[in-house]
Amino acid sequence: MDAHLPAHHLPGDIERTSLSILNAEFEAQGVRLSGPCAPVIRRVIHATADFDFARALHFTPGAVEAGISALRAGAPLVLDTNMALAGVSQPSLARLGSAAHCLMAEEAVAQQARAEGTTRAVAAARRAAQLYPQAVFAVGNAPTALLELADRIEAGLRPSLVVGVPVGFVNVVESKERALDVCSRFGVPAILAMGRKGGSSVAVAICNALLYAAVHAEDPADRGWQ
């Protein structure tokens, strides 16, 4: 082994060691994670090193199971940033016969935003709702996109799952509270990071947790990682 390499330098080993440390810290705090939500919470904390997400993440009843079932049935993922799109597990999507999409950079979306006097995030959410009405929608950046999805749900949209984890200070808390209210009233499964925290990395962590569960690849070895 190269003397300059750290003890843990292979991807699978890093992930396993990180999760081991995470679990040990939970045990020290007297916290026990169990049930279908536990792998999602662990993966978000693994991605952020922020234990606050153990309290901030909110799951409507059966949300994790609904997301996994939808992905196994080939439901597409729709993400609100190309950064998030780049982070989701493409091999897992391919095994499921599905795909991920982000419409933010499409010229049609830019034209629609200009014509309607709104943001690209809102225009992209509207277009995605038309193209992929039963998708798993993941919003990690733009609270306006999450608010638009809530409006579409009130108007009849029924996505397979809404992942609402935008980050920031303006409209963020309000967008999550509205999404929780609307999803709860209309029976749409949702995973939300209540409060200000979130981000594209959190959206990716949640999506990958669902994808790995859908293809039975929670352990890195099942993904071909050392």
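See the structure shown above.
Keep in mind that what you see is a predicted model, and the values were worked out from it rather than measured. (Residues numbered from 1 in each chain as written. Predicted model: local features only at pLDDT ≥ 70, side-chain atom pairs only at ≥ 80, totals over all residues. Heavy atoms only, no water.)

Asker: Describe unusual backbone geometry, with residues and values.
Answerer: The bulk of non-glycine residues show a negative phi, and the bulk of peptide bonds are trans. Even without being a glycine, alanine 49 presents a positive backbone phi close to 60 degrees. For alanine 49, the position within the fold is in the loop between helix H2 (38-48) and helix H3 (53-56). The backbone of asparagine 171 sits at a positive phi, close to 65 degrees, despite the residue not being glycine. For asparagine 171, the position within the fold is in the loop between strand S5 (161-164) and helix H10 (172-186). Residue asparagine 171 is classed as partly exposed on the basis of its relative accessible area, which comes to 35%. (Helix = DSSP H or I, 4+ residues; strand = E, 2+ residues; numbered from the N terminus. Buried < 20%, exposed > 50% of the residue type's maximum accessible area, 1.4 Å probe, protein only.)

Asker: How would you sum up the environment of valine 173? Please name residues and give values.
Answerer: Among the secondary structure elements, valine 173 is positioned in helix H10. Linking valine 173 and arginine 185, residues 12 residues apart in sequence, is a C-alpha distance of 18 Å. Valine 173 has contacts with Gly195 and Arg196, leaving out every residue within four places of it along the chain. (Contact = heavy atoms within 4.5 Å.)

Asker: Break down the pairing of strand S4 (residues 136-139) for me, citing the residues and quoting the values.
Answerer: Covered by surrounding structure in S4 are Val136 and Ala138 together with Phe137 and Val139, the residues of both alternating faces. The sheet contact formed by S4 and S5 spans 4 bridges and is parallel. Counterpart to valine 136 in the pairing with S5 is leucine 161. Remark: the S4/helix H9 (residues 143-154)/S5 crossover connection has right-handed handedness. (Pairing = 2+ DSSP bridges. Right-handed = clockwise from strand over helix to strand, strands pointing away.)

Asker: Describe in detail the layout of surface pockets, supporting the description with residues and values.
Answerer: Taking a probe equal in size to a water molecule and rolling it over the atoms shows the remaining empty space. In this structure, the largest pocket spans a volume of roughly 160 Å³. Lining of the largest pocket is provided by Leu19, Asn23, Pro39, Arg42, Arg43, Ala209, Tyr212 and Glu218. For the lining of the largest pocket, the elements supplying multiple residues, two or more each, are helix H1 (11-28), H2 and helix H11 (200-214). Of the residues forming the lining of the largest pocket, the biggest block, 3 residues, is contributed by H2. (1 Å grid on protein atoms, 1.4 Å probe; cavity = no way out; pocket = protein on both sides within 12 Å on 5 of 7 lines; lining within 4 Å. Points joined across faces, edges and corners; volume = space filled by probe spheres on them.)

By themselves these figures say nothing about function.
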